Amino acid sequence: MAFQAIKFYQTGTFTVGNRLLDPEQRSVQADMARTNALNSGHRACQGCGEALGARYAIDAAMEAADGQLIAVNATGCLEVFSTPYPETSWQIPWIHSLFGNAAAVATGVAAALKVKQQKKVRVVAQGGDGGTTDIGFGCLSGMFERNDDVLYICYDNEGYMNTGGQRSSATPPAARTATTPVVGGSPGNVFGQGKNLPEIAMAHGIPYVATATVADLRDLEAKVRRAMEIQGARYIHILVPCPLGWGTASHDTIRMARLAKETGLFPVFEAEWGELTSRLTIRRKTPVEEYLKPQKRFAHLFQPLPELAIVARLQALADRNIRKYGLVEGGAS
Amino acid sequence: MNINKPFAITLDVGSSLANRTGSWRTARPVYVDRLPPCNHTCPAGENIQGWLFHAEAGDYESAWRELMKDNPLPAVMGRVCYHSCESACNRGQLDEAVNIHAVERFLGDEAIRRGWKIEVAAPLSGKHVLVVGAGPAGLAAAYHLTLLGHRATIFEAGPFAGGMMRFGIPKYRLPRSVLDAEVERLETMGVTIRLNTRVDDMLSTMREGGFDAAFLGVGAHLAKRAYIPAGDANRILDAVSVLRGMESEEKPLLGRRVVVVGGGNTAIDVARSAKRMGAEEAIVVYRRTREKMPAHESEVEEALAEGVMMKWLTTIKEAGEASFTVEKMALDENGFPQPTGEYEKIAADSLVLALGQDVDLALLDKLPGLTVDNGMVTVDCNMMTGHPGIFAGGDMVPSERTVTDAVGHGKKSAKSIDAWLRGEVPVAREKHELATFSRLNTWYYADAPKTVQPVLDIIRRQSTFEEVLGDLDEGNALFEARRCLSCGNCFECDNCYGVCPDNAVIKLGPGKRFLFNFDYCKGCGLCATECPCGAIRMEPETV
Ligand SMILES: Cc1cc2nc3c(=O)[nH]c(=O)nc-3n(C[C@H](O)[C@H](O)[C@H](O)COP(=O)(O)OP(=O)(O)OC[C@H]3O[C@@H](n4cnc5c(N)ncnc54)[C@H](O)[C@@H]3O)c2cc1C
Ligand SMILES: Cc1ncc(C[n+]2csc(CCOP(=O)(O)OP(=O)(O)O)c2C)c(N)n1
Ligand code: SF4
Ligand SMILES: [Mg+2]
């Protein structure tokens, strides 16, 4: 935030808006005329991070594409809560096909636009972490490998939330899900498995990969804007806390996303052509307990007895991210 | 029904707006204005957060006008107020309190520079109110009475307006040009000040002048004395006369070495003034410890920095030829100072007693109903004395005895007089719930950038040496104003509008704040949690 060094605007760019900033420096979400791509009346739970993240991302993409946007949706909460037949919450052209083929459908839409010489219309594909990291993974990898002109957005709530909270390959270790119940000595999801999809995307060498959370709107919007400047395959992975699946209060969704970033458990960064180009540093370094404790899916780590060893392993993961991505200003933590 | 539909489609496309998710709600968000701690502690009842809001945007005139709603003397107050607001400021728990008084001073000076005026909007009531004393209490009362449409005439015994602001507070803390400018503005508004007009008998003055009500603000000017055995060679003076003398042609002669007895601000002011008048040594003698001194810590610091010497745990015993005998004190087990029998001689040319002041009640002698307690006039919660229609405030009633309290009393009395003149009882505005630190989401406030910090430190240091400092730089005043967290009051950061997953917050546009759309608000509470300043409360839904 270079401009802050010159003038001090009370909240800088932390808040959604800032009446002291020039209008062109303000966020899309602060705009009275934002698209509201995902309109009121949708059936997402109270405080749903995915509904919030989707509006943040798609409104920003609409702004960048001058309103010329088609969205392809995988099956999952976002699709289910927004389009109970015959209603829709979408205020943009939107298509849903299957759980695992969003990337492929988007490739097809992009190809059709090419044939029709509709150069200005852009394509976004979106899905949950299950649809992205598991069942849709093959289609997505193909889309990357072919460098199709699609921005794929994954809304990561760390599980199959629409079907009752089963484990996905994006579920963090130790989190309890419907398919990883407390058994024996090591409750919750196992350590050492799962996929780091942002890094897998980077490994494809595609032009743009980024991660973001619903706790940092300005950063999220800037990443969507950057992605929309680029042609070819782009991937944005957004952490969207799920009050129902995580067992958190509906008003804590943004706080949880913020803590995920501030603990280092969810690194927020950007990469171009497979190389890291920026990262969001930690502002108020926080131990992982503060993030874990409010979540019922981690409750077994604190009662009946504190599972200090497991918490320490999670802290080690956070510390590793901090080292690896340089999340603390000035180097080592 | 249209039957020309794609394969397997039987219904028209509908919008989810048909689905009123507001019915899910068990709690609803409500916009509130909580009381910021600065406003809460201000003895003059200023809406500090309110005027900082305008100052933040660089709209100094609106800021000044908001400030003037409560306090007619911002340039004075920005200099002499002991700013309890800053001790209460929530930002103090984050990094450092907002430098409120420096911004107030800047606004006050800016108004003088730009010649901003206050227009009286209220229709004339035809009522005439007598104000006795042109100190801050009297000036504030007259100002607010005028704003309310009444005629206010001040009778002032002295040759100038200002009271203790002129004859007590030294020039190096309050340049007289500033005081003059703010008094003059009151006169242009229509306040009449009759100087050299002492009121000796309230009832006859009111009768003769045909006044409908009166406000008393005569202050406390009678110096308290203490018996000190003295030879005749030595000079013993009282602080009030010394400071008053500073304002006259013939300055008091204090000599090369001055001893001041007392531990309050007045003692410090006398010692610092003596230094400025060329005394080589100014020694403050106080019977208790430094921590127990009633003087403001910053003033003690400044005095020490200027070379004033302090002898704590010391009392004056005897005045001799060219010296004074003092006795050392020691704290007993209850923390009270007790004489030790250990004496010391201090060479000095004069001794100034700064032991506090009593109220001169002579003008109230024959006033029926009036009660006096402990030398001060008793007033009710509306500032009215026991005599109906006569109100009082400032140093003459039990109070903290500051300019700020006096201004607050003046305002409150004016409102009470206004109600009384209409045969009504003033209705106290309901106090909003306090905007405590725990109500804030401080994540959203930017850290004060390091690049600007050193400049800030300079202002901080300078703003307490006002006469040394010229004008406060606008950039720094703006910077300070922007450090305000706007505790408990919406500052239109758009967070609620942004963070609602259901688009259930309606943005009304700049200056108009927001509305909730209860057709769709599910009551998740994100807006309330993510509101930086705690201006949204969740209330259980009544079923
Ligand atoms: C040395 C000194 C330094 C101080 N420094 C500060 C400071 O830094 N900050 C702060 O907040 N406070 C300070 N104070 C306290 C502050 O000055 C007083 O609390 C405040 O001025 C009281 O206001 P007032 O209107 O009640 O009375 P005053 O300011 O005392 O004014 C009363 C006026 O009434 C007039 N008067 C009296 N009797 C009559 C009569 N019979 N007829 C007509 N007129 C009459 C007097 O001439 C006087 O002008 C200081 C006080 C002193 C003595
Ligand atoms: C092929 C197929 N298998 C299973 C399902 C059932 N199903 C619907 S949504 C969903 C989970 C979606 O999880 P995720 O992609 O993470 O999205 P979320 O609901 O968590 O946002 C599943 C398993 C399906 N629709 N199609
Ligand atoms: S289950 Fe989770 S992701 Fe799905 S609507 Fe509810 S909060 Fe959102
Ligand atoms: Mg999911």
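None of these values were measured; they are calculated from a predicted model.

Moving on, we get to the overall build of chain B. Per the secondary structure count, chain B includes 18 helices and 22 strands. In terms of overall dimensions, chain B has C-alpha extents of about 120 × 60 × 50 Å along its principal axes. For chain B, the proportion of its 543 residues judged to be buried stands at 55%. Taking the contacts inside chain B whose residues are at least 6 apart along the sequence as the reference set, 71% of them involve residues at least 24 apart. Considering chain B, the positive charge centre built from 60 side chains and the negative charge centre built from 73 side chains are found 2 Å apart.

What follows deals with helix α6 (residues 100-114) of chain B. Residue and element names in this part refer to chain B. Here α6 spans 21 Å end to end across 15 residues, near enough to the 21 Å set by a 1.5 Å rise per residue. Every buried residue of α6 is accounted for by I100, H101, A102, V103, E104, R105, F106, L107, G108, D109, E110 and A111. G115, located one to two residues past α6, shows a positive phi value of around 70°.

All names here are of chain A. In the vicinity of ligand 3, the residues found are A44, C45, C48, C77, F81, N157, C242, P243 and L244. Going through the elements one at a time, α2 (77-82) and α8 (243-246) are the ones with two or more residues in the shell around ligand 3. Of the residues in the shell around ligand 3, the class split is eight nonpolar, one polar and no charged.

The partner chain B presents 58 residues to the 51 residues of chain A that form the contact. Together chain A and chain B conceal approximately 4700 Å² of surface at their shared face, both sides included; 51% is due to carbon and sulfur atoms. Across the chain A-chain B interface, the total number found is three salt bridges. Notably, a salt bridge pairs D447(B) with R283(A), separated by 3.5 Å at the nearest N-O pair. At the boundary of chain A with chain B, the tally comes to 38 residue pairs in polar contact (both at pLDDT 80 or more). Elements represented by at least two residues in the side of chain A that touches chain B include exactly α1 (49-64), β2 (87-88) and α9 (253-263) of chain A.

Attention now moves to the domain arrangement of chain B. By the assigned domains, chain B splits into domain 1 (10-33 + 489-540), domain 2 (48-86 + 94-221 + 359-433 + 464-470) and domain 3 (229-355). Domain 1 of chain B and domain 3 of chain B are separated by 63 Å when their C-alpha centres are compared.

What counts and what doesn't
Residues numbered from 1 in each chain as written. Chains lettered and ligands numbered in written order. Predicted model: local features only at pLDDT ≥ 70, side-chain atom pairs only at ≥ 80, totals over all residues. Heavy atoms only, no water. Helix = DSSP H or I, 4+ residues; strand = E, 2+ residues; numbered from the N terminus. Buried < 20%, exposed > 50% of the residue type's maximum accessible area, 1.4 Å probe, protein only. Contact = heavy atoms within 4.5 Å. Lys, Arg positive; Asp, Glu negative; His and termini not counted. Charge placed at Lys NZ, Arg CZ, Asp CG, Glu CD. Expected span 1.5 Å × (residues − 1). Near = heavy atom within 4 Å. Nonpolar A, V, L, I, M, F, W, Y, C, P; charged D, E, K, R; others polar. Buried area = accessible area lost by both parts, 1.4 Å probe. Salt bridge = Lys/Arg side-chain N within 4 Å of Asp/Glu carboxyl O. Polar contact = N/O pair within 3.5 Å; in protein donor to acceptor, adjacent residues only side chain to side chain. Domains from an automatic or database assignment.

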